[in-house]
Structures are given as structure tokens and as C-alpha cells.
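Below, each chain spelled out in residue letters.
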Amino acid sequence: MEFQTLKYIYQPANRVGAHTLLLLHGTGGDETDLLPIAQEFGNDFNILSLRGNVSENGMPRFFRRLGMGIFDEQDLTFRTHEIVDFLTKLSAKEGFDLTKLIALGYSNGANIAGSLLVLYPDFLAGAILYRPMQPFQKIDLALKNTKQTPIFMSNGANDPTIRPSDTASYVDILKTAGFEVANHTLPIGHNLSREDLRLSVEWYHKHFN
Ligand code: MLT
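Residues numbered from 1 in each chain as written. Predicted model: local features only at pLDDT ≥ 70, side-chain atom pairs only at ≥ 80, totals over all residues. Heavy atoms only, no water.

Caption draft 1: Highlighting the site of the ligand. Around the ligand, the neighbouring residues are Thr27, Arg61, Phe63, Arg65, Met68, Gly69, Phe71, Ser107, Asn108, Asn111 and Met133. Taking Arg61, its side chain carries an N or O atom lying 2.8 Å from an oxygen atom of the ligand. Within the side chain of Arg65, a nitrogen or oxygen atom sits 3.1 Å from an oxygen atom of the ligand. Tallied by class, the residues present in the shell around the ligand amount to four nonpolar, five polar and two charged. (Near = heavy atom within 4 Å. Polar contact = N/O pair within 3.5 Å; in protein donor to acceptor, adjacent residues only side chain to side chain. Nonpolar A, V, L, I, M, F, W, Y, C, P; charged D, E, K, R; others polar.)

If you want it as C-alpha cells, here you go:
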């Protein structure tokens, strides 16, 4: 299968050398979904928001799944390479710095961002993962991030789709690989809350301003 381009929205910042917030929506969302959330982080970064290339009964996603929380890992691998290829070409076209990408993903978007961390461990400058799941059942223990890349995660204690023990082992794997992970468990479910935003905005300013 050939790589395809992705639909996107790009909004450049008014300054040179800015980071780029890479927005990755959840299942059934699109490239407009997370724009209001990005605004909460300020306005000194470029915004690049993607729409996933996979359709599940008309709902956009970033990769196929075989069931709830059961990922088609072959497709996930292909789609991850496809996004890296797309971003590399797009950075030349739009003029953003490929080394200054901070992913911000919700649910399915957090999971494709997690796959980027695993398959391209030094590619992202940071990642905000709301309601993430471990992208691959088995992750090579030789996984190595050489930049202590900061990762923010927030999960819901009452989220029926994600087991807390699975999150704990995912966090361990990322930490062991060298990522600097800040993980929060909130007393809520799968939906985003003001507290997710408050904590992630605070984390962002600590690491990137
Ligand atoms: C996924 O498929 O990525 C997760 O199950 C989250 C979701 O999109 O529902």
C-alpha cells in the first residue's frame, strides 16, 4: 500500500523558531476538534491538526482496530510511518521545524502519538496524551529515547476502556526507555475535563516556555 497525504489545518505562529502543536483527534473526530483545546495553551506556537486516514463506519481514525481496544498493529505501524513521511514533507512545504513537534492527542489520537514514541523515539519534542493506551501489545525493551523527552498523560480512574494496571505498565516502559513521564489519574471517565486541561497547560508551560 502506498502512503497517502492527510487532511490538515496549519496555523503558523507569528514568530520564527516556534514549536508546533500537533493535534490528533479521537475516533469520530476531525482536524477541527482539538483547535479550541490548543487555544488554552496560548498562542506562541504553530498549530498543525491532522485528520486520520482510516474510516471506521464513517468515523475518522488514525489506524484500524479489530475490536474495542484491540489494535490492528500492522496497520498502526503502516499509519505511523505514513504520518512521519507526511510530516517530513509538510515541514518543508509549510516551513515548521520538524524537531519542535509536540503531539497533543486524545484517545485514538493519543494512541497514534504513542506509536510515534515507540517507532520513532526521538522524533517528538514532547507529547500530551489524554486517555492513552499502550499502542503495541509487546514493546521492545531496547526502546531508547536519548533526549529525556517530556510526556504528559492523563487518565480517568472510571474509564471503562482502559485498565489502570495497563497504564502503569505503559508508563514504566516509557520511563525505562528514557522518557520523562508525568502521569495523572483523575476521578472521571473517558471524556476530557477541565482538570485535564489545567494540568496539561501547567505541564506545557513548565517544559516549553
Ligand atoms: C483506540 O482505538 O485507539 C482506542 O480504543 C481509543 C478509541 O479510539 O476509542
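Caption draft 2: Expanded view of helix H3 (residues 108-119). A rise of 1.5 Å per residue sets the reference length of H3, with its twelve residues, at 16 Å; its end C-alpha atoms lie 17 Å apart and thus fit the reference within 8%. In terms of burial, H3 is a largely internal element, eleven of the twelve residues being buried. Within the sequence span of H3, burial applies to Asn108, Gly109, Ala110, Asn111, Ile112, Ala113, Gly114, Ser115, Leu116, Leu117 and Val118. (Helix = DSSP H or I, 4+ residues; strand = E, 2+ residues; numbered from the N terminus. Expected span 1.5 Å × (residues − 1). Buried < 20%, exposed > 50% of the residue type's maximum accessible area, 1.4 Å probe, protein only.)

Caption draft 3: How the structure looks around the packing of aromatic side chains. Evaluated as defined, the whole model comprises eleven aromatic pairs. Ring geometry for Phe41 against Tyr204: centres 5.6 Å apart, planes inclined by 90°, an arrangement best described as edge-to-face. Here Phe41, found in the loop between helix H1 (35-39) and strand E3 (46-50), pairs with Tyr204, found in helix H5 (residues 194-208); they are 163 residues apart in sequence, far enough to count as distant. Using a relative accessible area of 1% as the deciding quantity, one classes Tyr204 as buried. Ring pairing ties together the aromatic residues Phe41, Phe45, Tyr130, Phe152, Trp203, Tyr204 and Phe208, which thus form one cluster. (Phe/Tyr/Trp six-rings, centres within 6.5 Å; stacked < 30°, edge-to-face > 60°.)

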